[in-house]
Each structure stands twice: as C-alpha cells, then as structure tokens.
Amino acid sequence: MNFFKGWDKVVSEIPEFLTAFLCVTVWVAIVGTLLALTIGIVVGLMSSSKNKFIRFIVRVYVEFFQNTPILIQIFFIYLALPAFGVRLHEMTIAIMIVSLYHGAYISEIVRSGVESVPKGQYEAAESQGFSHIQSMVYIVLPQTIRLILPPLTSQIVALFKNTSVLQVIAGGDLMYVAASWAGYTGITAPPYLIAAVLYFSICYPLTCLSRYFEKKNEAGYVQKKSKDPAILQLEGGALDV
Amino acid sequence: MIQLQNINKSFGDVQVLKDVNLQVKEGEKLVILGPSGSGKSTTIRCMNFLEEPTSGLVGIDGEIVTKRNKNKIVGEKMSMVFQQFNLYPHKTVLENLTLAPIKIKKIKKWDAEEKAMYFLEKVGLEHKAHAYPQELSGGQQQRVAIARALVANTKIILFDEPTSALDPEMVKEVLDVMVDLAKENITMVCVTHEMGFARQVADRVIFMDDGQIIEEGKPNEFFDHPQTERAKQFLSKIM
C-alpha cells in the first residue's frame, strides 16, 4: 500500500471536504470562540472576586477543564446527556465543549492580565474620583486587553484545531469527513493532508497575528511619528527638556 | 480643610497609625516628615481614603468621608501625586490630563483639552502633549502627574514622596514646579525628605515616628530647635 497513492480519487471529494470545513468546523470555531471569550472574561473577572465561595467554584471549573483530556469531556457530555433525557445536536455539544474547555484557559489569561496591572493604576484612578467599575473600564481593562491579545489569539488557534474532537462523536466536521473517507477507501494520506492544509490556512494567519501583537507589546505605548510639520517643529524645538 | 480625628490604622497585626489627630487649614502648606515606617504615607493616604482607617474620622470641609461618598468627595476636593507617578501608560500625556474631567466631570473634550494644555504649559511640557508616559523621563512624568492633579481644579493636593523615585538630577525640576504651586491658594500636604523644600514652602512641619505625631511647628523652629530626642536624631542623620 502506497502512502501517497489515490490523489486522483480524492480530488473529486474536495468540495465535500470544503463543505464540512466551512459549515461545521469553521462555524463551530466561530461560535465556540465567541462563547469561550465570554466565559473566559466573566470567569476571569470572577476569580479576582472578594467572595471566597465564588473563587472556589471558579477554581473547580478551571482545574477540571484544564486537567482532563478534551476527548473525555466530549464523550462524557455526549453519553451522559441522553441518560438525563437531553438530546443535543453534535455541533451544539462540540460548541459547548470547546467553549468550556478554552473558556477555562482564557479565564486564567484574563485573571493574570488583570493582576499584572500595577496597584498604582487603581490608586491613581481612585484618587481622581473614579469608581471601581470606571477604573476597570477606562484604565485597567484597556491595558489588560493589549497585554493578553497574544495568548488569547493562541487560544483561538488551539480552539480551532480542537473542533476536530467532533470526529469522535460523528459530528460531520472536516476531520470526520477526512477520517471516514480514508476509512472506506483505504486511501489514507491524501485526505488527511488536505484536511491539514485547510486547518493550516486559518490557523497560520492567526498565529502570525498573535506574533504581531507580541511585537507591538514589546515596543510598549509609543507615539506614532507625526507628519504634521507644526508638531514636528514643536517637538524639535524642545531640546531644553 | 482636612481633619483627621483619632485615626488608627492597622495592617493585620501591625498598627501603623496610633490615634493621629491633625487639622490642615485651607491654603496651608503642610510637610510631613519622619523616618520610613513612621506612618507618614499612611496618614496622607487616609486623607483621600486610599487607606480606610481602622477607626477614627476623616473630614473634608466639614463632611465626613465614608466608603460610600469617597469617590464623590475625593473627586471634587482633592488630587494626589504619587511617588511612582502612576500615569496611565496607555494614554497620551494629554489624555492622562483629560480622562477624569471628561469621564467624571462630563466636561466637553475640547474644553478639557484646552485646560489641559494650559497646565501642561505651566509645568513646561506642552510639547509632550501627544507623547506617551514611557517616552518621558521620570522628572517629566512627575511634572505631568502634577499637571494632572492641577487640571482637576481641586483645592487640596496631596504629595506622597513626589521626588523619592527620581534620579537626583531630576529632583529640582519637580521641586521647582511645586515651589511655584505653593504660591497659589492651594492646600498642599506633602510627605517628603526634601528638607530644603520643607523650609522654603511649608507653613507647618509635622514629625512622625512609630505611627504618632510627636512634634510639630514652623519649619525654622523645627529644623533649628527640634524639641524631641527622636527628631534631633532624625535631623542629625539627614542634614
């Protein structure tokens, strides 16, 4: 059996691959990302709550989802829910799982981001008369967001790839279509390679974006060079300070 | 007017303020001196409720400050300049000055900017309006922080060791601005180690040790004839 045989046969299947990719994988990833971000931000802010009970619940959630394989989580939901009489579409289950799983990671990113803003920033805000919520909105969160954009983007990449857990519950996503096609034709490498190329086409640009955010953070907050001659002159004339 | 009445403050088991009583009159320039750990910073931070006293009352212009009304009273009546400047790094110099007026006092952006430029000029930094804090030297950042305090138009400005984090050659530019400021009818409370500044601008000096005010007086009296042994010791070490 030649690993690289069968390209002629797989070509005609490409539209089917693309449909599974766009209608299932990409869709689950988009909805999953939005939900994961929502969960991550809410839970991340909750984890700096003063209430011990809230912090305890948050820890349980985060530790559970971070320390068990996502495959077990999806099986668990897929098999457990019918026992309670709940029937959900495979895509719904996948969206639930990827958003809960990555929401746990994102909440930790958000928490560390908020904690990394120095105490002096809150104090300056408070000394100006800002309420706690106003200080968060105008001063702390804008700094946090910029700081956490790189790891956040990496999480979105990971989430995108993890939509492939749909395969194990026959969810009709790209991975499932590739695997099942490989299964009944015995042609293995080409479908998986096509799937890899499709995943790569979305994930690679996102990874580059993450790197771009990182570079921007290294530079810190700096002025864009102004082209306005009046301002240039003003800045140029300021050699005494 | 600022009134501190029987202020006690503890952090855990450590009592850092012990029954502090203090009154600062309108327009007065008060300098708080003392060795580190004596409670000077905590005292000034109780005035604007950055630290909530464990017991005792803080009164500003006759109104008692509580957790509930502190944002309003602090926002209207007092500003603070910090040791570490605490400028907002994600905002330009101009935005640092206009953020609170626009968001809290609901002043129009244009008016807020005009006023901000006036005070930036006052501290000699109008040409840095569009720079970000990290692009400025420490001394320049602290001058921006002072301008940010001025733009709020509050009658009281609290200075918490404003020159302690600066390189020696930048101390003067900040002190010059503060000396200038002292000519105006603003109440200034200043925790500092700059004895020259204290002598020059203070109406009154208080000396703290171990969480208590142990001596107070006119600057010349205090520096030339300290009464307590502790103050003599302190002055002999730093002069």
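Here goes a summary of the coordinates provided. All of these numbers come straight from a predicted model, not from anything done at the bench.

From N to C terminus, chain A includes ten helices and zero strands. Secondary structure elements in chain A, listed N-terminal to C-terminal, are α-α-α-α-α-α-α-α-α-α. Computed over the C-alpha atoms, the radius of gyration of chain A is 24 Å, more than 25% above the 18 Å expected from 2.2 N^0.38 for a compact globule of 241 residues. Counting only C-alpha atoms and orienting by the principal axes, one finds that chain A spans roughly 80 × 50 × 25 Å. When the 241 residues of chain A are sorted by exposure, 40% land in the buried category. Look at the contacts in chain A between residues 6 or more apart in sequence, and 76% of them connect residues 24 or more apart.

In this section: the layout of surface pockets. In this structure, the largest pocket encloses a volume near 840 Å³. Considering the residues around the largest pocket, the lining is formed by 23 residues, among which Lys50(A), Tyr122(A), Glu126(A), His132(A) and Lys70(B) are closest to the centre. Elements that contribute at least two residues to the lining of the largest pocket include exactly α6 (119-127) and α7 (132-162) of chain A together with α2 (70-77) of chain B.

To continue, consider the sheet that holds strand β8 (residues 187-191) of chain B. Residue and element names in this part refer to chain B. The sheet built from six strands is open, its strands ordered β6-β7-β8-β3-β9-β10 with mixed pairing. The open sheet is flanked by β6 (78-81) and β10 (212-217), the only strands paired with a single partner. Adjacent strand axes in the sheet meet at a mean angle of 20°, parallel and antiparallel pairs treated alike. In this sheet, β8 lies alongside strand β7 (residues 156-160) in parallel orientation, the contact comprising five bridges. Note that in β8 the partner of Ile156 across the bridge is Thr187. Sitting on the sheet, helix α5 (residues 138-151) is in contact with β6 and β7, with an inclination near 175° to β6.

A separate point is the interface of chain A and chain B. Each side of the interface is counted separately: chain A has 26 residues, and chain B has 31 residues. Counting each side, the surface lost to burial between chain A and chain B is near 2600 Å², with a carbon and sulfur contribution of 57%. Summed over the shared surface of chain A and chain B, the number is two salt bridges. Close ionic contact of Glu126(A) with Lys70(B) constitutes a salt bridge, the shortest N to O distance being 3.0 Å. At the boundary of chain A and chain B, one finds twelve residue pairs in polar contact (both at pLDDT 80 or more). Elements with a minimum of two residues in the side of chain A that touches chain B: α6, α7 and α10 (229-236) of chain A. Looking at which element gives the most residues to the side of chain A that touches chain B, the answer is α6(A), with eight residues. The class makeup of the residues in the side of chain A that touches chain B is twelve nonpolar, ten polar and four charged.

On to empty space enclosed by the protein, then. According to the stated counting rule, one finds four cavities of 30 Å³ or more in the structure shown. Empty space within the largest cavity amounts to approximately 130 Å³. Residue lining of the largest cavity: 14 residues in total, with Gln128(A), Ser79(B), Ala100(B), Arg148(B) and Ala152(B) positioned closest to the centre. Those elements that provide at least two residues to the lining of the largest cavity are α6 of chain A together with β6, α3 (93-103) and α5 of chain B. When residues of the lining of the largest cavity are assigned to their parent elements, the largest contribution, three residues, is made by β6(B). A breakdown of the residues in the lining of the largest cavity according to their chemical character gives eight nonpolar, four polar and two charged.

Cut-offs applied
Residues numbered from 1 in each chain as written. Chains lettered and ligands numbered in written order. Predicted model: local features only at pLDDT ≥ 70, side-chain atom pairs only at ≥ 80, totals over all residues. Heavy atoms only, no water. Helix = DSSP H or I, 4+ residues; strand = E, 2+ residues; numbered from the N terminus. Rg over C-alpha atoms; globule rule 2.2 N^0.38 Å. Buried < 20%, exposed > 50% of the residue type's maximum accessible area, 1.4 Å probe, protein only. Contact = heavy atoms within 4.5 Å. 1 Å grid on protein atoms, 1.4 Å probe; cavity = no way out; pocket = protein on both sides within 12 Å on 5 of 7 lines; lining within 4 Å. Points joined across faces, edges and corners; volume = space filled by probe spheres on them. Pairing = 2+ DSSP bridges. Axes fitted to C-alpha atoms, helices over the stretch in contact; angles between N-to-C directions. Buried area = accessible area lost by both parts, 1.4 Å probe. Salt bridge = Lys/Arg side-chain N within 4 Å of Asp/Glu carboxyl O. Polar contact = N/O pair within 3.5 Å; in protein donor to acceptor, adjacent residues only side chain to side chain. Nonpolar A, V, L, I, M, F, W, Y, C, P; charged D, E, K, R; others polar.

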